[in-house]
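Below, each chain spelled out in residue letters.
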Amino acid sequence: MHHLLDLDTYPLDKPDTAAYAALVARCKARLAADGMFDLPGFLRPKATVDAAAAAAPAMATESHRHARSHNVYFRDSVDGLSDDDPVLSKVETVNHTLCADQIAGNPVLDLYDWAPFAAFLAATMGKDALYCMQDPMARVNIQASRDGEALNWHFDRSEFTTTILLQASEIGGELEYRKDLRSADNPNYAGVAAVLRGEDPEVRKIKLVPGALNVFRGVDTLHRVSQVKGPTERMVAIFSFFDRPGVNMTAKEQIGFYGRSVAA
């Protein structure tokens, strides 16, 4: 994996070393303090460019365009809330997705299937283990946003979100987020509404760098990607891991996310 990853700076291949332990400790501290961590240069520059270039032809011709009006929960209703509650306000999202079965040979698949990657992520998240998805479509996605498009405010379904930016847009495409906005015991609807109104001073904005590994707690962190502007599309690889093996999407979920299904 040395040709893909900077394993000198990030020794994922040496889990029994002090350097590895120190890296995990730094990542855990960043997750606790900032709600996320990023590792610049994790994917080497050439591998990053190669991954974006390899995806570009299929992205232009085969990607699924997903345009939808949604609330932050991606649900039609929430128990205890009226349909006109401010937290259920609709926002617009447009993106283009390639599934794992459309990116054969891409370097991001090699990384996903490399066991030390999942082991490292599990360590940073304080989990005993993480497992690759069995789903042939959802295990790794490459998602693009084009001029005028954005990924709007939402919570993720998975506890943690793991991505690597492959290509940045000229303008826009920043990640905006509000960490720890809710918990399992407190949905904090007033706080969600404040973010949607632009009235929360704790919302942060970062410009991710191509090749950087980024991990954040997406289930409790309200987040969005700001509108992309310019001719260069923003392209990001999204990796899906779970704390149990054998996870698949249903056919209905695949169609909802990707416009097609290969579920058994």
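Before any of the text, the structure's been laid out above.
Residues numbered from 1 in each chain as written. Predicted model: local features only at pLDDT ≥ 70, side-chain atom pairs only at ≥ 80, totals over all residues. Heavy atoms only, no water.

1. Points about the sheet that holds strand β9 (residues 204-206)
Thinking step 1. Read from one edge of the open sheet, four strands run β6-β11-β8-β9, paired in antiparallel fashion. Two strands lie at the open edges of the sheet, namely β6 (151-154) and β9, each paired on one side alone. The mean inter-strand angle of the sheet, taken between neighbouring strand axes irrespective of direction, is 15°.
Thinking step 2. Here strand β8 (residues 175-178) pairs with strand β11 (residues 222-225) via four bridges, running antiparallel. Residue pairing in the sheet places tyrosine 177 in a bridge with histidine 223 of β11. (Pairing = 2+ DSSP bridges. Helix = DSSP H or I, 4+ residues; strand = E, 2+ residues; numbered from the N terminus. Axes fitted to C-alpha atoms, helices over the stretch in contact; angles between N-to-C directions.)

2. Observations concerning the sheet that holds strand β10 (residues 213-216)
By definition, the strands of a sheet pair up through backbone hydrogen bonds, in either a parallel or an antiparallel sense.
Thinking step 1. With antiparallel pairing, seven strands are arranged side by side in an open sheet as β1-β10-β7-β12-β5-β3-β2. Either end of the sheet is taken by a strand with one partner, and the two such strands are β1 (36-39) and β2 (64-70). The mean angle between the axes of side-by-side strands here comes to 25°, regardless of whether they run parallel or antiparallel.
Thinking step 2. Where strand β5 (residues 140-145) and strand β12 (residues 234-239) come together, six bridges link them in antiparallel fashion. The residue bridging valine 140 from the neighbouring strand is phenylalanine 239, located in β12.

3. Description of the pairing of β10
Thinking step 1. Burial along β10 is two-sided: the face carrying Leu213 and Val215 and the face carrying Asn214 and Phe216 are both buried.
Thinking step 2. Relative to β10, β1 runs antiparallel, the two being bridged by four bridges. Along β10, the bridge assignment pairs methionine 36 with phenylalanine 216.
Thinking step 3. In terms of strand pairing, strand β7 (residues 161-167) meets β10 through four bridges, oriented antiparallel. Bridge pairing in β10 links threonine 161 to phenylalanine 216. (Buried < 20%, exposed > 50% of the residue type's maximum accessible area, 1.4 Å probe, protein only.)

4. Regarding the nonpolar core
Thinking step 1. Ranked by internal contacts, the top residues of the largest apolar core, which has 54 residues, are Phe42, Phe117, Phe120, Leu166, Leu213 and Phe239.
Thinking step 2. Other than its neighbours up to four places away in sequence, leucine 213 contacts Phe37, Asp38, Leu39, Phe42, Phe117, Phe120, Leu121, Thr162, Thr163 and Ile164.
Thinking step 3. Membership of the second largest hydrophobic core comes to 13 residues, among which are Val72, Leu81, Trp153 and Phe155. (Core = buried A, V, L, I, M, F, W, Y, C linked by side-chain atoms within 4.5 Å. Contact = heavy atoms within 4.5 Å.)

5. Notes on the packing of aromatic side chains
Thinking step 1. What the rule picks out here adds up to ten aromatic pairs.
Thinking step 2. Between the aromatic rings of phenylalanine 117 and phenylalanine 241, the centroid separation amounts to 5.7 Å while the plane-to-plane angle is 75°, which identifies the pairing as edge-to-face. With phenylalanine 117 in helix α4 (residues 115-125) and phenylalanine 241 in strand β13 (residues 241-242), this residue pair connects regions lying 124 residues apart in the sequence.
Thinking step 3. For phenylalanine 117, a relative accessible area of 0% gives the class buried.
Thinking step 4. Geometrically, the ring pair formed by phenylalanine 257 and tyrosine 258 is tilted, given 6.1 Å between the ring centres and 45° between the ring planes.
Thinking step 5. Site record: aromatic cluster; members linked through ring pairs are Tyr10, Phe42, Tyr112, Phe117, Phe239 and Phe241.
Thinking step 6. The ring of phenylalanine 155 carries the charged tip of arginine 182 above its face, separated from the ring centre by 3.8 Å. (Phe/Tyr/Trp six-rings, centres within 6.5 Å; stacked < 30°, edge-to-face > 60°. Lys NZ or Arg CZ within 6 Å of the ring centre and 35° of its normal.)

6. A closer look at the environment of aspartate 13
Thinking step 1. Residue placement: aspartate 13 occurs in the segment before α1 (18-34).
Thinking step 2. Each C-alpha atom, one on aspartate 13 and one on proline 116, is 6.4 Å from the other, the two residues being 103 residues apart in sequence.

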